[in-house]
Each structure stands twice: as structure tokens, then as C-alpha cells.
Amino acid sequence: MTALNRAGWRPEMNAGGADDNVTYTGNRALMLEEPLIFEIGSTETTGVDFDEVAPAVDLGGLARSAPIGLPGLSESETVRHYTRLSRQNYAIDLGLFPLGSCTMKHNPRLNEKVARMPGFADVHPLQPQETVQGAYAVIHELAEWLIKLTGMYGVAMSPKAGAHGELCGILCIKAALEARGEDRRVLLVPESAHGTNPATAAFAGFTVEDIPATAEGRVDLAALKARLGPDVAGVMITNPNTCGLFERDMKAISDAVHAAGGYVYCDGANFNAIVGRVRPGDLGVDAMHINLHKTFSTPHGGGGPGSGPVVLSEALAPYGPLPFVARYADGSFKLIEEESAGDEHPETFGRMTAFHGQMGMFTRALTYILSHGADGLKQVAEDAVLNANYILRNLDDVLDAPFGASGPCMHEALFSDKGLAEGFSTLDVAKGLIDEGYHPMTVYFPLVVHGAMLVEPTETESKAVLDQFIGALRSIALRAKNGDPALKTAPHFAPRARLDETLAARKPVLAWSEPEVAPGAPSLSEIGGS
Amino acid sequence: MRYLPLTSDDRAAMLAAVGASSIDDLFVDVPAEARLDGPISGLPNHASELAVERHMAALARKNVAAGDGPFFLGAGAYRHHVPSSVDHLIQRGEFLTAYTPYQPEIAQGTLQMLFEFQSQVARLLGTDVANASMYDGSTACWEAVVMARRVTRRNKALLSNGLHPHYRSVARTMAKYTGDVLVEGDPTLEAGTDWAALASAIDKETSCVVVQYPDILGRIDDMSALVSACQASGALLIAVVTEPVALGLIKSPGEMGADIVVGEGQSLGVGLQFGGPYVGLFACKAKYVRQMPGRLCGETVDANGKRGFVLTLSTREQHIRREKATSNICTNSGLCALAFSIHMTLLGEAGLRRLAAINHDRARSAAAELAKVPGVSVLNNNYFNEFTLLLPTAARPVVHQLAEKGVLGGVSLGRLFPENGGLANGLVVAVTETVTEEDIAAFAAALKEVLA
């Protein structure tokens, strides 16, 4: 393969736009159009220099001879390509990113520096144990913090992300039930739960049933109690919940579930609201995952990697996964794997992942935790909750706050689309925020509220930033209430206008192919190859 | 505290604005017995950047880094040289501190990168499509087995004995709870794979056959016959690639007809990082795309007709389908996928082929030198950059003795298969472009001393 057009420029790049001020390149000063690597690179170009080597032999007839079709760029072109792409992204580094239940807080750069120390970054997971005692020490020290912050008995460090942590907790419940010789098949999950909860329960072979909610947005304790019985394995409850409220009856829920022989899984996605101030262990929780990429500031990286350690109660800890780090009296650490499990952890449900989990996230999270300390983490929760309430109470006169009367919110404020003009939706409000220079809030989640808008500012925003955001959202809410048609076509100033998601799903183009057969890019073929 | 911008005056003004007399008023829904008044006792308070860095650096120094001496470990995680620009670019705040691209108008950077990543992965693995990545190779492998169950409506998976034992262990854990039947076992110390035996074991209940390529002992084999056997019985062939650099030199599984190809992408861009985060690769034939797990990025146009990218086919996913989703996965490994993609772009096809050739060349050189050590022989007929040495004694203690001499000399089969005494003398040795001729000589000399 050689590049189709090494200039990379295509005529339709300057198509459309909000006004007649089109440019030849399609660029608009600092807003730069960027082709695909397949359109600017070539298979002969490389940005890495190597010594020449003798051609390979001895491959048993498996030598790869056909072209692969991987474009290369020189280093200078590579840096420019990805730098240009990066500028088409919104990010926390640029401004408020109030995605509810996602906890987009500042990502400290000390964490990045520490994670890149050669003693952490350049260590192989299967090195002899005596050569990685420092790595085990990090895992152990972070584990101790997580246990103490949650008031729990143990912690499984290996889950790779939040949903993987959910799976870990649910498998612990499954293993515990098996050990008791009970075949309970039902997990109760509120309708307001993250989609991962029912998906995880199903992935592990459970049947999912809804827990009804009260009018004030909390679990209906009486209805829950009525449903408990010998077929119920447990509940999966998010606390604080996705309506932004603390589940006041959490302890009573736990007691009732335990009395009926079930276990309590808590989705810890919203732990940022209570870190350092409330310990889930004091509320009777048996298992809870902690998203290190939310509460403990490891970067989201455009969609991962995450990390989802799971804290466990004394009842579930014996069933936790392999491997884990054990500390001995002499101060040395040992990794308990399959071979030593028989002596040290005989009831484990087994391994969930190769190696030991997201070490690169552990070093960052521990660095963050040590920076804040117990006092700083408590302040994190308080400021996060204060910021959310400040938003809620400054906007509930222009936006409907369905649970505004249910008491203070925790770290996120929930609004609905009630009261917007006919034909105007939550989506329009979100797209309007883009033009104002913000990432929109979480939209259409939780499902229990019509046109939900879930705003989570986090503690790392100043009052001045919040005041400006409140002003912007207020202005957009009023435009949506007054039926401003310009809002229907927002965003006007982003790198792209609204994208056709229906077309993407109806005729999926999931990989680049030669332009003659590339739907969605018909004008490419008019240029011809080089 | 340096990460918290609110001042005491701000807090007071904001509490007044929300009608609270103190912060406790906002935590009123927390039952009194669960509310903590002060910081949790027994934990230290906040610390300066200098103090924290000092503490973490002291822990880092307690580890032997791969770069500290001759290094030959692989077995699912490989040490490759990552060009400097990769780490610089992934630290651009617009990549590092962005979220999942749910608002595509202001996430085209991440989305275009994912589209390029998917295209690169599909070409490298020889398939039609690839997703936007999974957690890692081991979890991608299990998801492939689950996907094969959905496609074939059968639930018996045959796992090659050359599959990484951790991958097998993950599958075993999950199968216990999902009712999938796994047929599996440990490898034997033979030069050839068990693929012919697998082909004859396929029956009408078989959903898939899972093979690793190159396998845990470094062996490579042609999977065409196995593909035919799968097709004849309506089973899917899943190929697992833990060293993607190999595919710069040897045929891709897709070229040989594999239905689903999954892998560990750590080799490119990501680094060792003591086991994670890594990046799971997941690719398949186009006809199975709607059964795929994980995020997919697709091309479309915006309201002005300009090309753009969005997350698509999300009706497979948990946030839409809830308990009926194809998987519970909710993230990909975005930043690691970016690192992989940048490294691959820097290499290009020409660079990848050269890198792969250097790896193979270096491995052949190492194998030849190590085989000269008395009592030591090489198991493999064919390999890429990793092979199995047969020692005259158990390899596990040898690894520790080598470490004392400053040589990290591979992964013993005793560590990988502790319960199988028959494998104890095996040592899996990986040799990448980071290994020098001096490193090979040092390894051979140390091994000779240890075995003497």
C-alpha cells in the first residue's frame, strides 16, 4: 500500500460550516483538519531507525509474505498528526467536565511521574519475587489504605476496571453461596443502576430483578424486604445512588438482606462523595468496587484503562480472587498464586486476569492518596458535595430538579427535561453547552428520570468556574425553554457539527479500506491514488 | 491542599448560598452512626509533592528494573523499545484527561485515533474488523469464548495446551459459573503443537477451539488444517496472540482463516508496567461483528457533510442492553490503545517487519549460544522471539540463582505450571531487540556457572 494522497487534503474538508467563510484547507486558524494515517502515510515510511539484519529463516513455512497495509509516518509527521488530533478533544485539562457518575477530577502530574519511574514502569510481572518487593509493597500499601478508607475486611486488587470489579464481587457472592450449598439465582438491582450492574449479574449467570424506588428517588425498603427470600442471592445497590442521593436506609437494607441469607454488593462508582467521611463497611456492605480512575484520580485516558479493586467483608474475603500480595512478619512480601492457594487461600473463586492487575494505576492512586492523606480525602468529599449542591440550588429555578426536595444531593446534581419548550430536549441543552466551552453533563442517565441531566462538578473546580458554568447552563436552559431554534443545531463552534449516528450504525464502517469501497467517503475516489 | 481550589471564604459563601449552616448539613442523610467526625484515625495526613515523591521513589528502588541488566522474560509480556515520542504524545492532556467519547463533536481526536487503531489491528491480525480494545489479552480471550458460544449456540470450548496458563486459569474461573465446558490441559515438552489432536477432538458440541500463536512455549504452527476442521463441524477458531510484533514476520491468524483473533497488545507502545494496564486486542470476521463485545468506533458524517467518527453499534452494550448485553465491559483500554497505535504508526509496515526480523535474529543468536551450555538444549523447531530451553535440572531455582548474578533469565515452566513436575526443567526465554550480544554472552556465562 502506498498512501492514496500524501498531501492528506481532501476537497470536502472545506465543505459546509456555519457560514460562507470557507477556507481552501478547511482549517480555521487553530482548528486544524487532520486526515487519517492511511491517507498521509505509506508502507515504506518509518519513524524508527533500525540496524539492518539478515533475512529471517526457520519459520516453518509461516513467513508473512503478503502486504499487511500498515502506513508509517516519520517521527515529525507522527508528532504533528497526534498533536493535531489531540486538539479536537475536550479534556479536564481544558475545563469543567461535569459528567455525572464519572468523577472527572484533576489528574495530578506527580502521579504520572511516579508511574514512569523505571522501578515501576520497567518491571516484568513474572520477575523473581525477590526482585519486585517494592512493587508488592505498593500493592500492599494501597490495599491497606482502601481497607481503612472503607472499613472493610479485605480487598481484591486485580480487577481491571469497575465492571470487572463488579464481576469480582458477584463471583465472591456466587462462591460463598456455593460453599453454603445454596443455589440462589436472583440478584435485585434498582432501575437507576448503571447498565454494568445487570450486565455483570447476567454475565455471571444470575437473573436480574428490579428493586422499586420511592418517589423521592431512593430504594423502597418495604418493597425490597417483601421480595427477599431463599431464591435471592443479594442486592446490587449504588450508594450514593445515581440520582445523586445517599441511600438513607442502607444499613436497614443490609440487615434485611443478611437476615434473608443474601449479600450486599455496593457499586462504588460514587465513592468520591463519601471518601474519608463514611465507611461502607459501617453500612453492612459485603463487596464494593472502587474505581481508581474516578475517586483516586488516575487518568481516564479517553476511555480507559480503569482499575477496579474490590473491598470485601469478612464473609466474602475468603472467596476473593488470585493472585494477591501477602505480607509476612519479617516485612517481606509474597504473591499468593494458584500454587500456594491451597495453603493460604483455599476457598478462592480463582483468577480473573493474567498477572496482578493495573499496577500503573496502583502507583498513581497511591501517590494521590498519600498526597491528600486522611484529612485531604475528607475535604475531597466535602468539597465535591458542596460544589454539587451549589450547582443544584443555583439552577433548580430554571431546570426541573426531580429530587430537589429529597434533601441535599451528594456529589452530583440531577435535572430533567421537564419544562423545556416543545421539540427541545436534553440533547439540545448538552450540545449548547459545547458551544459555551464545556463538556456536557451525563445525559439520559439515570433512566428513571425523563431526559436526565446528571451534573458532577468534582472538588477540583473553583467557585469562579462553577459560577460561570451556572451562568452558561442557566442561559441555555432559558433558550431551550424559549424555543431558540439555534440551539437545535448546536454545536456551531466545535470541530464537528452533530454527527449522524444512525448512518454509522446502519452502514457500519469500522476500519479504513481503499477509497473505492469506502462508504461515507465517496469524494475520495475522485482524487485518485498516487 | 494543592489540588483543592476552594478557599474557606468560598466554602462559607457557598454553604450560605445552599442554605446550609455547616458541611454536616449536606451529609444529613448519612445515618449518624456511620458519619465520621474527623479524619479516619491511624492514617497519615496530607503530604507535599516532595515527600510523596521521595516515598514512592524509595519503593521503586526496591525493584530490579528490566533495564538494570540482561533481561530475557516474556511469557505474555515483552520488553520492547518504545520510541520517546509515544510517551510524550499520550501525555498530551487532551488525550490523557479526556473521557470516553460520548460527545463526538468534541472528541474527534480520541475517535479518529480509535478508528485508526481498529484499522491497524484488523490489518495486523488479518481480520475484517477489530474493536476499540479490551482490558487485556486474558480477558479478551475469555470474551472470545463467550462470543463463540453466542454465535454457535454451543458451549464446549477446546483450549490448546499451548495457551498461556493465566489465560486458561481466567477461562476456568469464568466457566465454573457460566456452565461452559472447557477441555484443557498442560503442554508437554515436545517441539510440535497439539493442534492436530485438537482437530480430531472437535465434535458437534464444540463452540470453539482456542490456540495461541506463538504459544506459551514459543512454538509456531500452521493453523489452516485446524480452521478446516472447525469449519467442517461449525465451530469457530479463536487465535490468541500475546506477542503482536511476531506478526511482522509470520502469517497472521486471520490470513490462515481464524474466525476470532484476540491478543495482548502490550508489546507495542505500552511497556511492561508489572503486568498492567495493558491493551486487549479483539478482532473477527465481519459477519460476527454484532456479537462482538466492547466499544466500536465507526465512520459517519456530520450535519455539514464532513467526515467524522462516533461510537457505534452500541445496542450490543451494557448501557443500552443492560442484562442482555454481549458483555458487561464498560471501558476499553483507551490510552494504551493510543500508545499501541502511535508506536505502530511510527513503525509502519516497513519498520514492523524490520523490528520483527531483528527480534527473530537476536533470538536465534541467543538460542545458539545458550544451547552451547553443557546439558542445555532448545525444545522448539520453529519460533519467533521466544523459545523453550530444556535444562538438566529444575529451572525455577536456576532463575533465582541467575537473578543473584544480575541476569533475569526467562520464566521457568515451574512458575507457570507449578503442579506439573514433568515441565520443571523447562525455561521460556524471550529475546527482543532490547537484548544485546553482550547480554546474551552474560546470560550464557551465568547459566553455565549456575549449572556447573
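Every value quoted in this text rests on a predicted model; they were computed, and no experiment measured them.

Definitions and cut-offs
- Residues numbered from 1 in each chain as written.
- Chains lettered and ligands numbered in written order.
- Predicted model: local features only at pLDDT ≥ 70, side-chain atom pairs only at ≥ 80, totals over all residues.
- Domains from an automatic or database assignment.
- Contact = placed C-beta atoms within 7 Å.
- Helix = DSSP H or I, 4+ residues; strand = E, 2+ residues; numbered from the N terminus.
- Nonpolar A, V, L, I, M, F, W, Y, C, P; charged D, E, K, R; others polar.
- Pairing = 2+ DSSP bridges.
- Axes fitted to C-alpha atoms, helices over the stretch in contact; angles between N-to-C directions.
- Parallel < 35°, antiparallel > 145°, perpendicular 65-115°, else oblique.
- Left-handed = near helix turned anticlockwise from the far one by under 90°.
- Core = buried A, V, L, I, M, F, W, Y, C linked by C-beta atoms within 7 Å.
- Buried ≥ 20, exposed ≤ 12 C-beta atoms within 10 Å, placed from the backbone.

**Student:** Would you explain the domain arrangement of chain B in this entry?
**Tutor:** Accessible area lost upon the coming together of the parts serves often as the stated size of an interface. Residues and elements named next belong to chain B. Domain boundaries assigned for chain B yield domain 1 (66-81 + 349-451) and domain 2 (84-343). Each partner contributes to the interface: domain 1 provides 31 residues, whereas domain 2 provides 25 residues. Looking at the side of domain 1 that touches domain 2, the elements that each hand over two or more residues are helix H11 (334-370), strand S11 (386-390) and strand S13 (426-430). Of all the elements, H11 adds the most residues to the side of domain 1 that touches domain 2, at seven residues. Class assignment of the residues belonging to the side of domain 1 that touches domain 2 gives a composition of 17 nonpolar, 11 polar and three charged.

**Student:** Mind showing me how you'd approach the sheet that holds strand S5 (residues 236-241) of chain B here?
**Tutor:** Residue and element names in this part refer to chain B. In space, the seven strands of this open sheet follow the order S1-S7-S6-S5-S4-S2-S3, with mixed pairing throughout. On the outer flanks of this sheet lie strand S1 (129-130) and strand S3 (181-183), each paired with one strand and no other. Relative to strand S7 (residues 280-284), S1 is paired through two bridges, and the arrangement is antiparallel. By the bridge assignment, Val-129 is partnered in S7 with Cys-284.

**Student:** Teacher, can you tell me more about the packing of helix H6 (residues 137-152) of chain B against helix H7 (residues 165-178) of chain B here?
**Tutor:** To characterise two packed helices, one gives the angle between the axes of the helices and the distance between these axes. Residue and element names in this part refer to chain B. As a packed pair, H6 and H7 sit with axes 9 Å apart at the nearest point and diverge in direction by 50°. The pairing of H6 with H7 is recorded here as oblique in orientation. Both H6 and H7 take part in a crossing whose hand is right-handed. Counted together, Gly-137, Ser-138, Thr-139, Cys-141, Trp-142 and Val-145 of H6 and His-166, Tyr-167, Val-170, Ala-171 and Met-174 of H7 form the full contact between these two elements. Each residue belonging to the contact of H6 with H7 can be placed in one class, and the counts come to seven nonpolar, four polar and no charged.

**Student:** Sorry if this is basic, but what is going on with the sheet that holds strand S12 (residues 453-455) of chain A here?
**Tutor:** The strands making up a sheet associate through backbone hydrogen bonding, with each pair oriented either parallel or antiparallel. Strand order across the open sheet formed by three strands is S10-S12-S11 (chain A), with antiparallel pairing between neighbours. Each having just a single partner strand, strand S10 (413-415) and strand S11 (442-443) of chain A make up the two edges of the open sheet.

**Student:** Would you take a moment to explain the nonpolar core for this structure?
**Tutor:** Nonpolar side chains in soluble globular proteins tend to end up buried together. Membership of the largest hydrophobic core comes to 323 residues, with the highest contact counts inside it found for Cys-172 of chain A together with Cys-141, Val-145, Val-209, Val-210, Leu-226 and Ile-238 of chain B. Counting residues per element, this core draws most heavily on helix H11 (residues 359-395) of chain A, at 20 residues. Beyond its immediate sequence surroundings of up to four residues, Ile-238 of chain B is in contact with Ala-144, Val-145, Ala-148, Cys-208, Val-209, Val-210, Ala-258, Asp-259, Ile-260 and Val-262 of chain B.

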